[in-house]
Amino acid sequence: MTALSPANRNDFYIGLGLAISSSVFIGGSFILKKKGLLRLASKGSMRAGQGGHAYLKEWLWWAGLLSMGAGEAANFAAYAFAPATLVTPLGALSVLVSAVLSSYFLNERLNVHGKIGCVLCILGSSVMVIHAPQEEEVVSLNAMAEKLKDPGFIVFAASVVVSSLILIFVAGPRYGQKNVLVYVLICSVIGSLSVSCVKGLGIGIKELVMGESVLKNPLFWVLLICLVACISTQINYLNKALDIFNTSIVTPIYYVFFTTAVMSCSAILFKEWNRMGADNIVGTFSGFLTIILGIFLLHAFKDISFTWDTLPLFLRRQRGGPWGQPYVALPNQEAETEGRQAGWGSQQSIFS
């Protein structure tokens, strides 16, 4: 990790704690909601997928909703203290928490690939925390306004808007129903701008708590309007993608593209990489790629049944032995052929 001043170090650890707690709350919310829905199904109530709304009377479902709200609030606050390049990738931990808790409380089987994916997510997150970038100090909305005037960010934002409009009005009607990348890309590139808005609003709320007159600053309201527009568009097209394609396909692809877009936007806007050494840059990317691999293993193979019968013979467990069958080398094909020819030759010599 790059060197931090005492104030920045405190903010960093506060943001890190908020990001991790956000993943715990969001991951746990899925389990609570699922438990509530299963309880209603066992009572014979009309299920949500059939248009029923009986879950509104189930306290477990409301507990899941509150947990989701607490997680999103903690994630929102984390952007005010820690770099977006750190907070966003740590969102993968919510997938890990959900997978682990579901195996205990929902009796959903977590196969070997899923367990390896969980370990890789933890390792990748740890590496990213160790090598987290130190962003430039942005402690006020006025400083944020100066960042937003940077030519590099203006070009990036314009590119995001133009590409999003092309995807929405040109590629979407033609290929949206066939190619998962169309709707996912719309959510991802717009998500990079929504995270920047969240970052600015978090700084503004932080100033408001300290007694500053933030509500009189036009930038605060501009960021709020932009955030509402970006999130509305993301929710719309993410729901379309989930309705058409399998969740196990949409989730990992969306995570990869969304996190990549956020890291790119954050690097351009906050210049997070300028003060980092080569080892920290390599460490950050290595951690990110490790998380991607873990998410892939968690989702791509979760429906595959992996048993001992699929293992090689020498790894299978015998009924009576502790370690299974001993390894027995198969005979060489050429040696077997020569042996047969020698045996045939000896038989010919006997009869001759």
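Residues numbered from 1 in each chain as written. Predicted model: local features only at pLDDT ≥ 70, side-chain atom pairs only at ≥ 80, totals over all residues. Heavy atoms only, no water.

1. Regarding the packing of helix α5 (residues 112-130) against helix α11 (residues 278-300)
- The contact between α5 and α11 brings their axes to 7 Å, and the two run at 160°. If you check the angle between α5 and α11, you find them roughly antiparallel. Crossing geometry of α5 relative to α11 is assigned as left-handed. Each of H113, G114, I116, G117, C118, L120, C121, G124, S125, V127 and M128 in α5 lies in contact with α11, whose residues at this interface are G283, T284, G287, F288, T290, I291, L293, G294, I295, L297 and L298.
- Residue classes in the contact of α5 with α11 are distributed as twelve nonpolar, ten polar and no charged. (Axes fitted to C-alpha atoms, helices over the stretch in contact; angles between N-to-C directions. Helix = DSSP H or I, 4+ residues; strand = E, 2+ residues; numbered from the N terminus. Parallel < 35°, antiparallel > 145°, perpendicular 65-115°, else oblique. Left-handed = near helix turned anticlockwise from the far one by under 90°. Contact = heavy atoms within 4.5 Å. Nonpolar A, V, L, I, M, F, W, Y, C, P; charged D, E, K, R; others polar.)

2. As for the UniProt feature "transmembrane region" (unreviewed entry) in the protein
- According to UniProt, the "transmembrane region" (unreviewed entry) feature falls on residues 12-32, 87-106, 152-173, 180-206, 218-237, 249-269 and 281-301.
- Spanning residues 12-32, this segment combines 100% helix with 0% strand, and its end C-alpha atoms are found 30 Å apart. (UniProt positions renumbered as here; feature names shortened; annotations may be inferred.)

3. A few points about the state of the cysteines
- Tallying each qualifying case throughout the model produces zero disulfides.
- Of the cysteine sulfurs around C118, a residue in no disulfide, the closest is that of C121, at 6.5 Å. (Disulfide = S-S within 2.5 Å.)

4. Examining the confidence of the model for the protein
- On average, residues of the protein score 77 in pLDDT, and 77% of them reach the 70 mark or higher.
- Of all secondary-structure elements in the protein, the lowest mean pLDDT belongs to helix α12 (residues 333-351), at 48, while helix α7 (residues 151-175) reaches the highest, 92.
- Ignoring residues within four places in sequence, the model shows residues 318-329, a span with pLDDT below 50, making eleven contacts including any to other chains.
- Here residues 343-352 is modelled with pLDDT under 50, and outside its nearest four sequence neighbours on either side it reaches zero contacts, counting other chains as well. (pLDDT = per-residue confidence, 0-100.)

5. Quick word on the side chain of S22
- Here S22 shows up in helix α1 (residues 6-42).
- A polar side-chain atom of S22 sits 2.7 Å from the main-chain carbonyl oxygen of G71.
- In this structure, S22 is in contact with G71, A74 and N75, ignoring residues within four places of it in sequence. (Polar contact = N/O pair within 3.5 Å; in protein donor to acceptor, adjacent residues only side chain to side chain.)

6. A short note on helix α4 (residues 92-105)
- In a regular helix each residue adds 1.5 Å, so 14 residues correspond to 20 Å; α4 covers 20 Å between its end C-alpha atoms and thus fits that length.
- For α4, every residue scored as buried is listed here: A92, L93, S94, L96, V97, S98, A99 and S102.
- Remark: N107 follows α4 within two positions and exhibits a positive phi of approximately 60°. (Expected span 1.5 Å × (residues − 1). Buried < 20%, exposed > 50% of the residue type's maximum accessible area, 1.4 Å probe, protein only.)

7. A few points about the packing of α4 against α11
- Orientation of α4 relative to α11, taken along the N-to-C sense of each, is 35°, at an axis distance of 11 Å. Considering how the two elements wind past one another, α4 and α11 form a crossing that is left-handed. Where α4 approaches α11, its residues A92, V95 and A99 are matched on the opposing element by I291, I295, L298 and H299.
- Along the lines of polarity and charge, the residues of the contact of α4 with α11 split into six nonpolar, one polar and no charged.

8. With respect to the pattern of salt bridges
- Tallied over the entire structure, the rule returns two salt bridges.
- Its salt-bridge partner being K206, residue D11 comes within 3.4 Å of it at the nearest N-O pair. On the criterion of sequence distance, the pair formed by D11 in helix α1 and K206 in helix α8 (residues 180-209) is long-range, its members being 195 residues apart.
- The salt bridge involving E146 is made with K149; its shortest N-O contact spans 3.8 Å.
- The exposure class of K149 is exposed, given its relative accessible area of 55%. (Salt bridge = Lys/Arg side-chain N within 4 Å of Asp/Glu carboxyl O.)

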